[in-house]
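Each chain is listed here by its residues.
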Amino acid sequence: MNCPKCFSSMVKVLFEGVEVDRCVDCHGLWFDVSEREDLVKRRASEAIDNGDAQLGSEFNRVNFIFCPRCGSQMMPMVARGRPRIEFEQCTICAGSFFDASEFRFLKQHPSIRLPGVYIKMPGWIHHRASSLSRAAT
Ligand SMILES: [Zn+2]
Ligand SMILES: [Zn+2]
């Protein structure tokens, strides 16, 4: 499987029997459905997120990506009221992609771990539409 952001290869990383995929270059993390919520509950699981926060924030700006599992367009998501966490989630297979350091941040902030707090990034569709029209002119 290749990274949906930088297209480098992703390697499997095991934490207590839960397998996630991590990009060898940008160190982004791919979680299949339920793996993220499973891992976020486990002690010290932030060890899987060994990437550089600066690199992660650069790749965070790339949010028009396609699912490495099923090829569907992924939707940028934020935690409601807490815009620091922006990740991409597949609307078909429900896998999610976290840039380097975002999973660590999620672990450090228990208030954004509750299920159901994630919403589609406000203004994203509008932003995409305006960049398309700019490209057309
Ligand atoms: Zn990558
Ligand atoms: Zn998918």
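Residues numbered from 1 in each chain as written. Chains lettered and ligands numbered in written order. Predicted model: local features only at pLDDT ≥ 70, side-chain atom pairs only at ≥ 80, totals over all residues.

J.: I'd like to hear about the overall build of the protein, residue by residue, with values.
T.: Along the protein, the regular secondary structure elements total 4 helices and 7 strands. Tracing the protein from N to C terminus, the helices and strands come up as β-β-β-α-α-β-β-β-α-β-α. Going through the 137 residues of the protein one by one, you find that 30% of them count as buried. (Helix = DSSP H or I, 4+ residues; strand = E, 2+ residues; numbered from the N terminus. Buried ≥ 20, exposed ≤ 12 C-beta atoms within 10 Å, placed from the backbone.)

J.: Break down unusual backbone geometry for me, with residues and values.
T.: Although it is not a glycine, Ser34 sits at a positive phi angle of roughly 80°. Tracing the chain through its elements places Ser34 in the loop between β3 (29-31) and α1 (35-40). Of note, the phi angle at Ser101 is positive, near 85°, even though the residue is not glycine. One can find Ser101 in the loop between β6 (96-98) and α3 (102-108).

J.: Before we move on, can you summarise the environment of Ser96 with the specific residues and values?
T.: Here Ser96 lies in strand β6. Its 23 C-beta neighbours within 10 Å are what place Ser96 among the buried residues. For the pair Ser96 and Arg36, spaced 60 residues apart in the sequence, the C-alpha separation amounts to 7.8 Å.

J.: Can you break down helix α2 (residues 53-60) residue by residue, with the values?
T.: Within α2 the residues assigned to the buried category are Gly56, Phe59 and Asn60. All buried residues of α2 lie within an arc of 110° about the axis, which places them on one face of the element. (Arc of directions from axis to C-beta.)

J.: Talk me through the nonpolar core; I want residue IDs and the actual numbers.
T.: Ranked by internal contacts, the top residues of the largest apolar core, which has 20 residues, are Val20, Cys26, Leu29, Trp30, Phe97, Phe98 and Phe103. Going through the elements one at a time, β2 (18-23), β3, β5 (82-90), β6 and α3 are the ones with two or more residues in this core. With 3 residues, the single largest contributor to this core is β3. Once you skip the residues sitting within four places of it in the chain, Cys26 turns out to touch Cys3, Lys5, Cys6, Gly51, Leu55, Phe59 and Ala100. (Core = buried A, V, L, I, M, F, W, Y, C linked by C-beta atoms within 7 Å. Contact = placed C-beta atoms within 7 Å.)

J.: Could you give an account of the pairing of β2, with specific residues and numbers?
T.: Across 6 bridges, strand β1 (residues 10-15) lies against β2 in antiparallel orientation. By the bridge assignment for β2, Val13 is matched with Val20. Turn length for the β1-β2 hairpin, with the two strands adjacent in sequence and antiparallel, is 2 residues, and the turn residue Glu16 shows positive phi of about 50°. For β2 and β3, the ladder comprises 2 bridges, and the chain directions are antiparallel. Directly across from Arg22, in β3, lies its bridge partner Leu29. Hairpin connection, β2 to β3: the antiparallel pair is bridged by 5 residues, and His27 has positive phi, about 65°. (Pairing = 2+ DSSP bridges.)

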